[in-house]
Amino acid sequence: MSHPRTTPTARTESVQDAPSARAHTGQSTPAAASTSTPPSLTDLRDHLTAHLDPPARTWLDHALDEAAAHPGLHGPISVWELRLAEAGRRCGPTHADAARVLILDAARAGTDALTRVYFQGTADERRAVLHALPHLVSGPGALPLVEDALRTNDTRLLSAAVGPYAARHLTAHAWRHAVLKCLFTGVPVDHVADLPRRASGDGELARMLADYAAERTAAGRSVPEDLYRVLDLTESTPAAPGTDHPHVKES
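The structure displayed is predicted, hence computed values, not measured ones.

## Quick look at the nonpolar core
Next up, step 1: Counting 67 residues, the largest nonpolar core has Leu60, Trp80, Ile103, Leu130, Leu133 and Val146 as the members making the most contacts within it.
Next up, step 2: The biggest single contributor to this core is helix 6 (residues 96–106), with seven residues.

In structure tokens form, the structure reads like this:
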């Protein structure tokens, strides 16, 4: 089935609806990739080795050694948590996400440590925690962090929240609302990890998308082109039984 598209003028207006969202969602480091399989920690380290200047590489090596020597939580703040705060200044904003993910890994940060960093840290540190989840947490125990990020309107947090960890563990209901939140805030759906698989054959998501499109049309606003992309995906053939993730089912 084909869907009517907005006119070129209307498409331009939809981009203007959320200019800041378009401007701040992209990250240039591998840590921000939103595929179903995140870049490996080795890939992140190799990327930073190749792109950091010598002083920044020296600082990162020291920070990783320090975190490995004193892992886990220690008192009100651990030494590696201080290094997380320094990463933007030491490595630059382009590489800070990847550096923070590596420090979290070196510190063997579990769900408790990640939760503390997330709720006590800056927005940049929260984003790094979200990027680290697929590397450091195997089960759904850290979903409260993803759910918190999805309640914000910070487009950079939202982009990180809909990454591989969310694709693996969010329930179908929560995941559908995450997709709608991306459309509402202007986060490109390219950031939604594993989107084709999870959207495939999802009639309820299709209904929600159609309702949202109708609301925007009734209000005289253009419909985001990304909405049609996702709607087309819902009409594709779903995966064979037994191949889906158990958390995809409705709760």
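## Some thoughts on helix 6
Next up, step 1: Of all 11 residues that make up helix 6, 10 are buried, and the element is covered over most of its length.
Next up, step 2: Those residues of helix 6 not exposed but buried are Ala96, Asp97, Ala98, Ala99, Arg100, Val101, Leu102, Ile103, Leu104 and Ala106.
Next up, step 3: For helix 6, the elements touching its buried residues are helix 3 (41–51), helix 4 (54–69), helix 5 (79–91), helix 7 (111–120) and helix 8 (123–136).
Next up, step 4: Just past helix 6, the residue Arg108 takes up positive phi, approximately 50°.

## Topic: the packing of aromatic side chains
Next up, step 1: Scanning all chains against the criterion turns up one aromatic pair.
Next up, step 2: A ring pair is formed by Tyr118 and Phe119, whose centres lie 4.9 Å apart and whose planes are at 85°; its orientation type is edge-to-face.
Next up, step 3: Phe119 gets classed as partly exposed once you look at its relative accessible area, which sits at 42%.
Next up, step 4: Between Arg126 and the ring centre of Tyr118, over which it is positioned, the NZ or CZ distance is 4.8 Å.

## A short note on the packing of helix 4 against helix 6
Next up, step 1: The contact between helix 4 and helix 6 brings their axes to 8 Å, and the two run at 25°. In terms of orientation, helix 4 and helix 6 fall into the roughly parallel class. On helix 6, the residues that touch Trp59, Leu60, Ala63, Leu64, Ala67 and Ala68 of helix 4 are Ala99, Leu102, Ile103 and Ala106.
Next up, step 2: Classifying every residue of the contact of helix 4 with helix 6 gives 10 nonpolar, no polar and no charged.

Here is what the cut-offs are and how they apply
Residues numbered from 1 in each chain as written. Predicted model: local features only at pLDDT ≥ 70, side-chain atom pairs only at ≥ 80, totals over all residues. Heavy atoms only, no water. Core = buried A, V, L, I, M, F, W, Y, C linked by side-chain atoms within 4.5 Å. Buried < 20%, exposed > 50% of the residue type's maximum accessible area, 1.4 Å probe, protein only. Helix = DSSP H or I, 4+ residues; strand = E, 2+ residues; numbered from the N terminus. Contact = heavy atoms within 4.5 Å. Phe/Tyr/Trp six-rings, centres within 6.5 Å; stacked < 30°, edge-to-face > 60°. Lys NZ or Arg CZ within 6 Å of the ring centre and 35° of its normal. Axes fitted to C-alpha atoms, helices over the stretch in contact; angles between N-to-C directions. Parallel < 35°, antiparallel > 145°, perpendicular 65-115°, else oblique. Nonpolar A, V, L, I, M, F, W, Y, C, P; charged D, E, K, R; others polar.

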